[in-house]
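The lines below spell out each chain.
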Amino acid sequence: MMTTIFAWSCNDNFLQTPSTDLTEDVIWGDPAIAETYILNLYTSIKLADKEPSKGEGSQGLTRGHHWAMFSSIADETVYSNDDQTYLVQTGQLSPGNFGFTSSAWGRNYVGIRECNDALTRIPNLDLSDQKIKELMAEVRFIRAVRYFELLRSFGGAVLIGDRITTLDDDFSDLYNRSTINETVDYIISELEAAATDLPDRTVQQTGRATSEAALGYISRTLLYAASPLYTQTGAQANDGLNGGSTRTWQEAADAAKAVMNLGFTLVDDLSDDPSENYRLLFISDPDTREDIFYRDYNSVSTTFSGMEIMNTPKSRGGWAGNGPMQNFVDDFEMQDTGLPITDAGSGYDPNNPYEGRDPRFYGSVIYHGLEYRGAPLDINVDAGPNQNQSRTGYFLRKFVDESVTDWWTQGRQSPWRYMRYAEILLNYAEAQNEAFGPDASVYNAVNTVRARANMPNLPNGLTQDSMRERIRNERRVELSFEEHRYYDVRRWLIANDIENRPARKVTYDEATGTYDMTKQADNMGAKSFSVEHYWFPIPQDEITISKGALQQNYMY
């Protein structure tokens, strides 16, 4: 697949209206068609099984909410139909066996090649200088995001710059991976340039890049670059390809603060009930005062994501899809005390485990006894090892529109939020705490997120270590299923603990009225994680085609 990096790939989903006459001259000779082509640089071609095709909405810049979500290769959910997620969960990830993970290598390099081609053609469009400047910035933003996805998945990337190659070119100099430092520097420089020329969110079309989005990705990139996985030294740094970053927590805090000064706030007016407010946020139209960057299925894609049929319980006509683990459920605190359920003074009652929890739990998870689509949910019917049963006894509620009843013609066009303001607040809190300890600004950032959910403020007097744990848990519940957790536990260098814990389910004994939350989830097998799994493996085909010149990640 190495040729996908350097050769033109004909992406047939770049226009919604099919045509047999769309040559390159036609596309780039008409500014309107050219801009439609540019819009489709936000989507990706299908390169692996169980990735969405054009007819299924096409993958965006990340996997998003298609079929098995990223949460189902983390300690968040178990996918009922596997779809190549179990191999990641059970430690079988390898250069020749990677499911939908390492296809990110070829997919992003195809996208980068397409961006480079567009950058050579945009200056020749019959448009104003200002419009050309904005389109150039937009494509550079998309390219930078693709490099960020390569960075957080593989470490140091092959930096192609603006080069466009053909199959006849000598690729030898393009098999050299840059270090993490060099990759981060390139991403930041591209995002800074894009931020200067992109329109802001008040004038840009929904779903497209803005100056604020570019600054948001600078925040995320620097947060990753300052994290322990990226700054590690020694053998695991793999000659700087998988470590050695010199970026600092203060840089990450400053970048997040720059976004905090842009006027974003958290959405808190969709319902007076904080759990319902949280649930509604993720099925509401985008472009709220919290949204920084998102995929808007209504304006960029005419298809829908199928979240309802994928994740609804079987008894209600669905496939049970991405079932939250008991591990995840346990991390929701008690609302009245703001304490973890493992704390003796939390108020948690194991006989009534779903009473009085953090309101975000009720907006995220469907559980036994919940009144759902006209009747209480019974996990003795809807959970188990059989087809379309939940493997964990829980079901996904976040992102799912419960007003949808006709799965195939009425699927919800819920946006996929790549980035929202809650993340920025937690980025700041984490970086500031690591740089300076739990000062007042750290408390304020975390408590702002908690207040929207009607959760108590964090207790005063926390140590830096204690605050670190509270921030990490806040990210776990607030940003759940949004493609953060998989990468968070890795960049914190705690995946060797977290990802080796059994994936647990819940069962309910009707005769005694008691729950058992200790058993392993059905079908998947035991979770397993080894040191090499901190990064995706580069596909073996890529290494083979380069005749070994392309350096593999540590321990693969």
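Remember, it's a predicted structure, so these values are computed and weren't measured experimentally.

Caption draft 1: Structural detail: the overall build of the protein chain. For the protein chain, the helix and strand inventory stands at 22 helices and 10 strands. Relative to the 2.2 N^0.38 estimate, which gives 24 Å for 556 residues, the radius of gyration of the protein chain is 23 Å and therefore close to what a compact globule would have. Counting only C-alpha atoms, the protein chain reaches 70 × 50 × 50 Å along its principal axes. The long-range share in the protein chain, meaning contacts at least 24 apart out of those at least 6 apart in sequence, stands at 71%. Total accessible area on the protein chain stands at roughly 19800 Å², and carbon and sulfur atoms take up 47% of it. Each charge class in the protein chain can be summarised by its mean position, and for the 50 positive and 80 negative side chains these summaries are 2 Å apart.

Caption draft 2: Seen up close, unusual backbone geometry. Here Arg373, not a glycine, exhibits a phi torsion of approximately 50°, which is positive. Structurally, Arg373 can be placed in the loop between strand S5 (371-372) and strand S6 (375-376). Even without glycine at this site, Asn388 takes up a positive phi of about 60°. Here Asn388 is to be found in the loop between helix H16 (379-382) and strand S7 (395-396). Looking at Asn388, the relative accessible area reads 13%, which means it is buried.

Caption draft 3: Spatial organisation of the packing of aromatic side chains. The tally for this structure, following the rule as stated, stands at 37 aromatic pairs. Here the aromatic rings of Trp28 and Tyr37 are separated by 5.4 Å at their centres, their planes lie at 70°, and the arrangement is edge-to-face. Summarising the burial analysis for this pair, Trp28 and Tyr37 share the class buried. A ring pair is formed by Phe529 and Tyr534, whose centres lie 4.9 Å apart and whose planes are at 85°; its orientation type is edge-to-face. For the pair formed by Phe529 and Tyr534, the shared burial category is buried.

Caption draft 4: View of the nonpolar core. Counting 144 residues, the largest nonpolar core has Trp28, Tyr109, Ile122, Phe141, Tyr147, Tyr217 and Phe293 as the members making the most contacts within it. Ranked by the residues each element gives to this core, the list is headed by helix H6 (residues 129-154), at 13 residues. Apart from residues lying up to four places away in sequence, Phe293 is in contact with Tyr42, Leu61, Phe141, Gly207, Arg208, Ala209, Ala213, Tyr217, Arg417, Tyr418 and Met419. In this structure, Val78, Tyr86, Met325 and Ala503 belong to the second largest nonpolar core, which totals 6 residues.

Caption draft 5: The arrangement of the environment of Phe481 in detail. Relative to the assigned elements, Phe481 resides in the loop between helix H19 (464-478) and helix H20 (485-491). Ignoring sequence-local partners within four residues, the contact set of Phe481 consists of Met69, Ser71, Glu76, Thr77, Pro324, Phe328, Ser364, Leu396, Lys398, Phe399 and Trp416.

Caption draft 6: Main features of the pattern of salt bridges. A complete count under the given rule lists 49 salt bridges for this structure. Arg140 is paired through a salt bridge with Glu190; the nearest N and O atoms lie 2.8 Å apart. Here Arg140 is found in helix H6, whereas its partner Glu190 is found in helix H7 (residues 180-197), with 50 residues between them in sequence. By relative accessible area, Arg140 is classed as partly exposed at 28%. Among the residues examined, Glu190 registers a relative accessible area of 7% and is labelled buried. Salt bridges here are not isolated pairs; linked through shared partners, they connect Glu290, Glu333, Asp358, Arg360, Lys398, Arg420, Arg450, Arg452, Arg470, Glu474, Glu478 and Glu482.

Caption draft 7: Looking closely at the pairing of strand S8 (residues 416-420). The element S8 is largely enclosed, with a buried count of 5 among its 5 residues. Summarising the sheet, strand S2 (residues 291-295) and S8 pair through 4 bridges and their orientation is antiparallel. Within S8, the position partnered with Arg295 by the bridge is Trp416.

Caption draft 8: Structural view of helix H17 (residues 421-436). In this model, H17 (16 residues) spans 22 Å end to end at C-alpha, consistent with the 22 Å of a helix rising 1.5 Å per residue. For H17, a buried count of 14 out of 16 residues is recorded, marking the element as mostly surrounded by other parts of the structure. Once H17 ends, the next one or two residues include Gly437, with phi positive near 90°.

Caption draft 9: Quick peek at the environment of Tyr294. Along the chain, Tyr294 turns up in strand S2. We classify Tyr294 as buried; its relative accessible area is 6%. Distance in space between the C-alpha atoms of Tyr294 and Arg163 is 28 Å, their sequence separation being 131 residues. Sequence-distant contacts of Tyr294, that is, excluding residues within four places in its chain, are made with Thr206, Gly207, Pro286, Asp287, Trp416, Arg417 and Tyr418. Of the polar contacts made by the side chain of Tyr294, one reaches the backbone nitrogen of Gly207; its length is 3.5 Å.

Caption draft 10: Inspection of helix H5 (residues 103-121) at higher detail. For H5, which comprises 19 residues, the first-to-last C-alpha distance of 28 Å matches the rise-based estimate of 27 Å (1.5 Å per residue) to within 8%. In terms of burial, H5 is a largely internal element, 17 of the 19 residues being buried.

Caption draft 11: Inspection of the side chain of Glu149 at higher detail. Residue placement: Glu149 occurs in helix H6. Residues within four places of Glu149 in sequence aside, it is in contact with Leu61, Thr62 and Asn108.

Caption draft 12: Region of interest: the packing of helix H8 (residues 211-225) against helix H10 (residues 249-260). Two elements in contact, H8 and H10, have axes separated by 8 Å at closest approach and are oriented at 160°. Accordingly, the angle class assigned to the pair H8 and H10 is roughly antiparallel. As for how H8 packs across H10, the hand of that crossing is left-handed. Contact residues: Leu215, Gly216, Ile218, Ser219, Leu222 and Leu223 in H8; Trp249, Glu251, Ala252, Ala255, Ala256 and Val259 in H10. Class assignment for the residues of the contact of H8 with H10 results in 9 nonpolar, 2 polar and 1 charged.

Caption draft 13: Focus on the environment of Leu493. Relative to the assigned elements, Leu493 resides in the loop between H20 and helix H21 (495-498). Sequence separation of Leu493 and Phe70 is 423 residues, and the distance between their C-alpha atoms is 19 Å. Setting aside residues up to four positions removed in sequence, Leu493 forms contacts with Pro228, Leu229, Gln232 and Tyr534.

Caption draft 14: Geometry of the side chain of Asn447. As for its position among the elements, Asn447 is in helix H18 (residues 440-452). On the basis of relative accessibility, which here comes to 12%, the residue Asn447 falls in the buried class.

About the criteria used
Residues numbered from 1 in each chain as written. Predicted model: local features only at pLDDT ≥ 70, side-chain atom pairs only at ≥ 80, totals over all residues. Heavy atoms only, no water. Helix = DSSP H or I, 4+ residues; strand = E, 2+ residues; numbered from the N terminus. Rg over C-alpha atoms; globule rule 2.2 N^0.38 Å. Contact = heavy atoms within 4.5 Å. Areas by Shrake-Rupley, 256 points an atom, 1.4 Å probe, with all protein chains shown as cover. Lys, Arg positive; Asp, Glu negative; His and termini not counted. Charge placed at Lys NZ, Arg CZ, Asp CG, Glu CD. Buried < 20%, exposed > 50% of the residue type's maximum accessible area, 1.4 Å probe, protein only. Phe/Tyr/Trp six-rings, centres within 6.5 Å; stacked < 30°, edge-to-face > 60°. Core = buried A, V, L, I, M, F, W, Y, C linked by side-chain atoms within 4.5 Å. Salt bridge = Lys/Arg side-chain N within 4 Å of Asp/Glu carboxyl O. Pairing = 2+ DSSP bridges. Expected span 1.5 Å × (residues − 1). Polar contact = N/O pair within 3.5 Å; in protein donor to acceptor, adjacent residues only side chain to side chain. Axes fitted to C-alpha atoms, helices over the stretch in contact; angles between N-to-C directions. Parallel < 35°, antiparallel > 145°, perpendicular 65-115°, else oblique. Left-handed = near helix turned anticlockwise from the far one by under 90°. Nonpolar A, V, L, I, M, F, W, Y, C, P; charged D, E, K, R; others polar.

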